[in-house]
Amino acid sequence: MSTERRLRLPGLAYGGDYNPEQWPEEVWAEDMRLMREAGVTIVSVGIFSWALLEPAEGVYDFSRMDKILDLLHENGIAADLATPTASPPAWFFRAHPEALPVDRDGRRLSYGSRQTFCPSSPAYRTAALRIAGEIGRRYADHPALAMWHVHNEYGCHNAECHCDESAAAFRRWLRAKYAGDLDALNHAWGTTFWSQWYYDWDEIIPPRATGAAPNPTHQLDWRRFCSDELLSLFTAERDVLRRATPGIPATTNFMVNFSIEALDYWRWAPELDIVSNDHYLRSTDPESEIDVALCGDLVRSMAGGPWLLMEHSTGAVNWQPVNRAKRPGEMRRNALAHVARGADGIAFFQWRAAKAGAEQWHSSMLPHAGTDSQIWQDVVRLGADLEALAEVRGSTVAADVAFVWDWNARWAMELPSQPSSALRFTDLVRDWYSPLWRAGVAVDFVRPDTDLSPYRLVLAPSLYLIDDAGAANLTSFAERGGTLAVGFHSGAVDDNCHVRTGGYPGAFRDALGVRTDELFPLLPDETRQLTGQVPQDATATQWSERVRLTSAEAIASYVDGSLAGVPAVTRNAHGTGTAWYLATRPDPDTLAALIARIRDEAGVRPVLGTLPDGIEAVRRSGTDADYLFLIDHSGAGADLPAHGVELLTGKPVHGSVVLPAGGAAVVRETHRSQSAQAGTTTPAGSGNR
Ligand code: GLA
């Protein structure tokens, strides 16, 4: 994060997307009054206002935006001013029909929703940079301007386009990557297979719909290209804005928990002055609080410190099959959990619920029902909570555990023609993350090549693809005394997606002290019994492989099936450290027991002794104080050991804090050594929330 270009607001930011252009001006005064009542400090404006700002090419109407920004400033509310480039107007597409995207089946999409443009379209780029420049210059000195909101959720609806302009851009990207050497590309892609050898760059096209399985490396390079192509749009807009306003920070909102996961955010994050994220619950996730935490840790890790939650919802969204409203207190718990994971600001989509348009059934801060509503009460309360937590701003989370997260590994493992099509990178990460969340163990996410020296334990639940440097970094971490745990089907291919021969798990074989000669993925309804140093009734699903020990010891083995007696979990002394291999997918209790043992042996301590079920515990550390965040997702509440001042109530805490049922407590710690050493905690029974 740039130190020079930062958000200059006191305390924690609070707000949401504000779309006053959807309402008559009479409503705006009420918006201002209610924003002040709720404690709103910043709003994102203009995100989808291109059609109003530029009614015809090169013709601008800033009258409405001028008034909105003036009004915000008069009311002491900062503007996170957007470039409206996520939604080009209809006139643009009539003039440039070639800028509409083409899907992999060759179907050209129509305008009429949003973000329906080809990322490689020169006409789009010209138009986007033009409007961004106009906005940048016009509002450079506006006193409300605090931050640039570039575009909106890059790639949300147009992560890839298969048109001819995209094909040409893909070829340019490939020429640069392979330094103009077509033979190098042919070797990297393995095009001797199925007669795919290319003799001319112009023969290369995007991985469009074809008869049989496409080439894996072709698809992987395509994903890398698509991410870079959108990133180049971001940096181009950012640079236009920087020229106009060198001191104003620019962000764009990531969306790390959406399933499309089109972008390699490790490459994006360093380009942002402030990293921000959007997070939405999935109605079908019974423990969505774990997803909130996982995504928060991931975003904090990418930001290298505090970040902003740019969007979440007060209640239901409108884009899932059934859109669940939040449970009592859930919105507050979500928001405070994001703060606990390092967010220095909390915002929603959106301020006022829309009457018309595609998102008329999406919740908001000010619902259709108006202020006589639970949501409004909760919004006002959250504003007060964030004010009470102002001093946590700038503090961050220190972790002993690193999770390896790599988009290349994810993309590659989820390509077609794998041993099993059931493997999902995020499921495997979530499997391993959940027991650490339950135990209250702080976690960072890292790239395979991150300096691992600050950590005691490195977990790589799913690392199908790994380049040589990443593999060396991870294995030498164990060799030098660290503890490394690796999940099944890892180390299998190099960064060109070529299999590492000589036995699986390729790159990690020697460090793990095992050698696998054949994979035995399990069918969806198949389960295997495990025996050894695992709980009674331990089982595993999804994956098995014929592991032979070369230097490792077996921790668990299969009881049944064709691999009966074969090791399923192993532990190896590697250098002065330890390397574990989980060669299957254990049931949750077994995995929790294994992870507890691994972290124990690695000397990793939880934030707060043993936690009751459903209590989230995180510590943010600042220069002057530490802040212990406790959130009850169980509905039972708890008495938990702490010393200091509980900031949400302002009450002193001497030895124990009451965590109300479904509520939260944030303790500014004065005796950290005592609370960190505290033992088992006790449920508090009915809470007093
Ligand atoms: C995304 C977008 C918003 C809105 C919300 C709805 O996060 O950025 O404009 O569409 O989804 O959940």
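Residues numbered from 1 in each chain as written. Predicted model: local features only at pLDDT ≥ 70, side-chain atom pairs only at ≥ 80, totals over all residues. Heavy atoms only, no water.

> I keep staring at the packing of helix α5 (residues 122–139) against helix α8 (residues 216–244) and nothing clicks. Help me out?
When two helices pack together, their arrangement is given by the angle between their axes and by how far apart the axes lie. Contact geometry of α5 with α8 gives a least axis separation of 8 Å together with a crossing angle of 30°. The angle between the axes of α5 and α8 places the two elements in the roughly parallel class. Remark: the crossing between α5 and α8 carries right-handed chirality. Contacts between α5 and α8 involve Y124, R125, A128, L129, A132, G133, G136 and R137 from the first element and E229, S232, L233, A236, E237, V240, L241 and A244 from the second. Within the contact of α5 with α8, the residues separate by chemical class into nine nonpolar, three polar and four charged. (Axes fitted to C-alpha atoms, helices over the stretch in contact; angles between N-to-C directions. Helix = DSSP H or I, 4+ residues; strand = E, 2+ residues; numbered from the N terminus. Parallel < 35°, antiparallel > 145°, perpendicular 65-115°, else oblique. Left-handed = near helix turned anticlockwise from the far one by under 90°. Contact = heavy atoms within 4.5 Å. Nonpolar A, V, L, I, M, F, W, Y, C, P; charged D, E, K, R; others polar.)

> Help me understand the environment of S420 in this model?
Looking at the element boundaries, S420 is found in the loop between α13 (407–413) and α14 (425–439). Overall, the relative accessible area of 10% leaves S420 in the buried class. Taking the C-alpha atoms as reference points, S420 and A236, 184 residues apart in sequence, are found 40 Å from one another. Among residues more than four places away in sequence, those in contact with S420 are P521 and W543. There is a polar contact of 3.0 Å between the side chain of S420 and the backbone nitrogen of A422. (Buried < 20%, exposed > 50% of the residue type's maximum accessible area, 1.4 Å probe, protein only. Polar contact = N/O pair within 3.5 Å; in protein donor to acceptor, adjacent residues only side chain to side chain.)

> What should I look at first to understand the sheet that holds strand β19 (residues 567–574) in this one?
Read across the open sheet, the ten strands follow the order β11-β10-β12-β13-β20-β19-β18-β15-β16-β21; overall the sheet is mixed. One side of each edge strand has no neighbouring strand; the edge strands of this open sheet are β11 (443–446) and β21 (585–586). By the bridge criterion, six bridges tie β19 to strand β20 (residues 577–582) in an arrangement that is antiparallel. Each bridged residue has a counterpart across the sheet, and for A573 the counterpart in β20 is T578. Sheet contacts for α14: β10 (401–404), β11, β12 (457–460), β13 (483–487), β20 and β21; angle to β10, the most-contacted strand, approximately 170°. Together, β12, β13, β16 (539–541), β18 (553–558), β19, β20 and β21 form the strand contacts of helix α17 (residues 588–601), whose direction differs from that of β20 by roughly 170°. (Pairing = 2+ DSSP bridges.)

> I would appreciate a short explanation of unusual backbone geometry in the present structure.
With an omega dihedral of -5°, the bond running from F349 to Q350 counts as a cis peptide bond. By the secondary structure assignment, Q350 is in the loop between β9 (343–348) and α12 (374–388). Residue P505 is bonded to the preceding Y504 through a cis peptide linkage, with omega at -5°. One non-glycine residue, W194, lies in positive phi territory at about 55°. Overall, the relative accessible area of 52% leaves W194 in the exposed class.

> Is there a simple way to think about the site of the ligand in this case?
By nearness alone, every residue bordering the ligand is listed as F48, R114, N152, E153, D278, Y280, E311, W319, F349, E359 and H362. Here an oxygen atom of the ligand and a side-chain polar atom of N152 are 2.8 Å apart. In the environment of the ligand, an oxygen atom lies 2.3 Å from a nitrogen or oxygen atom belonging to the side chain of E359. Taken by itself the ligand offers 310 Å² of open surface, and the protein chains cover 98% of this. (Near = heavy atom within 4 Å. Areas by Shrake-Rupley, 256 points an atom, 1.4 Å probe, with all protein chains shown as cover.)

> It is not clear to me how the domain arrangement of the protein should be interpreted in this structure. Could you clarify?
The figure often quoted for interface size is the accessible area lost as the parts come together. Examined at the domain level, the protein breaks down into domain 1 (401–602) and domain 2 (615–678). With centres defined by C-alpha atoms, the gap from domain 1 to domain 2 works out at 34 Å. (Domains from an automatic or database assignment.)

> What exactly am I supposed to notice about the pairing of strand β3 (residues 78–82) here?
Residues in a regular strand project their side chains so that they alternate between the two faces of the sheet. The element β3 is largely enclosed, with a buried count of five among its five residues. Neither face of β3 is left uncovered, since the one carrying A78, D80 and A82 and the one carrying A79 and L81 both have all their residues buried. In terms of strand pairing, β3 meets strand β4 (residues 145–149) through four bridges, oriented parallel. When the bridges of β4 are listed, L81 appears paired with W148.

> Can you help me understand the packing of aromatic side chains in this one?
Aromatic rings in a pair are described by how distant their centres are and how their planes are angled relative to each other. If you walk through the whole model with that rule in mind, you get 33 aromatic pairs. With a centroid separation of 6.5 Å and 80° between ring planes, the pair formed by F92 and Y124 is classed as edge-to-face. Here the residue F92 occupies a position in helix α4 (residues 90–95), and Y124 occupies one in helix α5, the gap between them amounting to 32 residues. Taken as a pair, F92 and Y124 share a single burial class, namely buried. (Phe/Tyr/Trp six-rings, centres within 6.5 Å; stacked < 30°, edge-to-face > 60°.)

> Would you mind showing me how to read the state of the cysteines here?
In a disulfide, the sulfur atoms of two cysteines are held together by a covalent bond. Enumeration over the complete set of coordinates arrives at zero disulfides. Take C118: it sits in no disulfide, and the sulfur closest to it among the cysteines is that of C161, at 3.7 Å. In this structure C118 comes out as buried when scored by relative accessible area, which is 0%. Looking at C497, it has no disulfide partner, and the nearest cysteine sulfur is the one in C226, 16 Å off. (Disulfide = S-S within 2.5 Å.)

> Can you walk me through the sheet that holds strand β8 (residues 307–311) in this structure?
Remark on secondary structure: sheet strands pair via backbone hydrogen bonds, oriented parallel or antiparallel. In spatial order, the strands read β5-β4-β3-β2-β1-β9-β8-β7-β6; together these nine strands make up an open sheet with parallel pairing. Looking at which strands have only one partner, the edges of the open sheet turn out to be β5 (250–251) and β6 (253–254). Pairing of β8 with β9, which is carried by two bridges, proceeds in the parallel orientation. Residue pairing across strands places L309 opposite I346, the latter belonging to β9.

> I'm lost on the pairing of β10 in this one. Help?
Neither face of β10 is open: one carries V401 and F403, the other A402 and V404, and all of them are buried. Where β10 and β11 come together, four bridges link them in parallel fashion. Counterpart to F403 in the pairing with β11 is F445. Pairing analysis gives three bridges linking β10 to β12, with the strands arranged parallel. Residue pairing across strands places V401 opposite L457, the latter belonging to β12.

> I'm lost on the packing of α14 against α17 in this one. Help?
α17 packs onto α14 with a crossing angle of 65° between their chain directions and a minimal axis gap of 9 Å. Of the possible angle classes, the one that applies to α14 and α17 is roughly perpendicular. At the point where α14 passes α17, the crossing takes the right-handed sense. Between α14, through D431, W432, P435, L436 and A439, and α17, the contact on the second element is made entirely by L591, A592, I595 and R599.

> Help me out: how do you make sense of the pattern of salt bridges in this one?
Opposite charge on two side chains allows them to pair when their charged atoms are near. The tally for this structure, following the rule as stated, stands at 42 salt bridges. Taking the shortest distance from any N to any O, the salt bridge between R324 and E330 comes out at 3.1 Å. Across the salt bridge formed by E601 and R571, the nearest N and O atoms sit 2.9 Å from each other. With E601 in helix α17 and R571 in strand β19, this pair connects stretches of sequence that are 30 residues apart. Within the structure, one salt-bridge network assembled from shared partners comprises D297, R300, R341, D444 and E616. (Salt bridge = Lys/Arg side-chain N within 4 Å of Asp/Glu carboxyl O.)

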